[in-house]
Amino acid sequence: DPRDPYALSSQYISAFYRDREQGIWIGFHQNGINYCSPFQPFRIYYPDDGPNSMKGEVIRDICTDKLGNIWVGTEDAGINCLDKKTSLFTNYQPRPDNSGIAHTNIRSLAASDDYLWIGHVIHGIDKMDIQSRKVVKRYSLLKDSTSTKNSSLEKPVSCSAGYTSARYAPCS
């Protein structure tokens, strides 16, 4: 119900994540992200073209890093990083000089220590330094450009933040 401020923004859930504060992040195939926290009011983040807004209609994965940033991978607009202190988003997309992420179609994310691992569809895996926000290594998984093998990141490298996305079990 769009008139209910506590209703989910869609029935088409595409990503689910529990953060270290036990808040639940729910990403949707359209209609943004919902956040339900035991300590904050229910929040809905819709995609928008404005500055410091979330970009992308189709959310594919959500994770957090050790600094508390929320990373959101999309199918159509690269990666968004939500600074929880300011509630501002920064969007990361490919750049003409190849210094950005490999592609806008993100399949999975995993934060490990100082790095964000970014799994793309067909375009390999990027390793981004979280502090500098720069891709420091690109792993190409395809031997030729005609292959349709999916290059999704299946598991996080480590589990320092406490919880991973819903596809994985809680860290022990």
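As the structure is a prediction and not an experimental result, all values here were calculated from the model.

Criteria and cut-off values
Residues numbered from 1 in each chain as written. Predicted model: local features only at pLDDT ≥ 70, side-chain atom pairs only at ≥ 80, totals over all residues. Heavy atoms only, no water. Phe/Tyr/Trp six-rings, centres within 6.5 Å; stacked < 30°, edge-to-face > 60°. Helix = DSSP H or I, 4+ residues; strand = E, 2+ residues; numbered from the N terminus. Buried < 20%, exposed > 50% of the residue type's maximum accessible area, 1.4 Å probe, protein only. Lys NZ or Arg CZ within 6 Å of the ring centre and 35° of its normal. Patch = residues over 30% accessible without salt bridge, like charges linked within 9 Å, V, L, I, M, F, W, Y side chains within 5 Å. Areas by Shrake-Rupley, 256 points an atom, 1.4 Å probe, with all protein chains shown as cover. Salt bridge = Lys/Arg side-chain N within 4 Å of Asp/Glu carboxyl O. Lys, Arg positive; Asp, Glu negative; His and termini not counted. Charge placed at Lys NZ, Arg CZ, Asp CG, Glu CD.

Brief notes about the packing of aromatic side chains
Two aromatic rings are characterised by how far apart their centres lie and by the angle between their planes. If you walk through the whole model with that rule in mind, you get 5 aromatic pairs. Measuring from centroid to centroid gives 3.9 Å for Trp25 and Tyr35, while their planes differ by 25°, and the two rings are stacked. Within this pair, whereas Trp25 is found in strand β2 (residues 24-28), its partner Tyr35 is found in strand β3 (residues 33-36), the two being separated by 10 residues in sequence. Overall, Trp25 belongs to the buried group, its relative accessible area being 2%. Where Tyr45 meets Phe89, the ring centres are 5.5 Å apart and the plane angle is 80°; that geometry is what we call edge-to-face. With Tyr45 in strand β4 (residues 43-45) and Phe89 in strand β8 (residues 88-92), the pair connects residues that are 44 residues apart, well separated along the chain. Taken together through their ring pairs, the aromatic side chains of Trp25, Tyr35, Tyr45 and Phe89 make up a single cluster. Between the NZ or CZ atom of Lys127 and the centre of the ring of Tyr115, over which it lies, the distance is 4.2 Å.

Details of a negative patch on the surface
The grouping of Asp48, Asp49, Glu57 and Asp76 at the surface amounts to a negative patch. Within the secondary structure, Asp76 is located in the loop between β6 (70-74) and β7 (79-83).

Here's the deal with the pattern of salt bridges
One pass over the structure, following the stated rule, counts 5 salt bridges. The salt bridge partner of Glu75 is Arg60, with a shortest N-O separation of 3.5 Å. With Glu75 in the loop between β6 and β7 and Arg60 in strand β5 (residues 59-64), the pair connects residues that are 15 residues apart, well separated along the chain. Accessibility expressed as a relative area gives 29% for Glu75, which makes it partly exposed. Salt-bridge contacts for Asp114 lead to Lys66; the nearest nitrogen and oxygen are separated by 2.7 Å. With Asp114 in the loop between β9 (106-112) and β10 (115-120) and Lys66 in the loop between β5 and β6, the pair connects residues that are 48 residues apart, well separated along the chain. The class of Lys66 is partly exposed, set by a relative accessible area of 44%.

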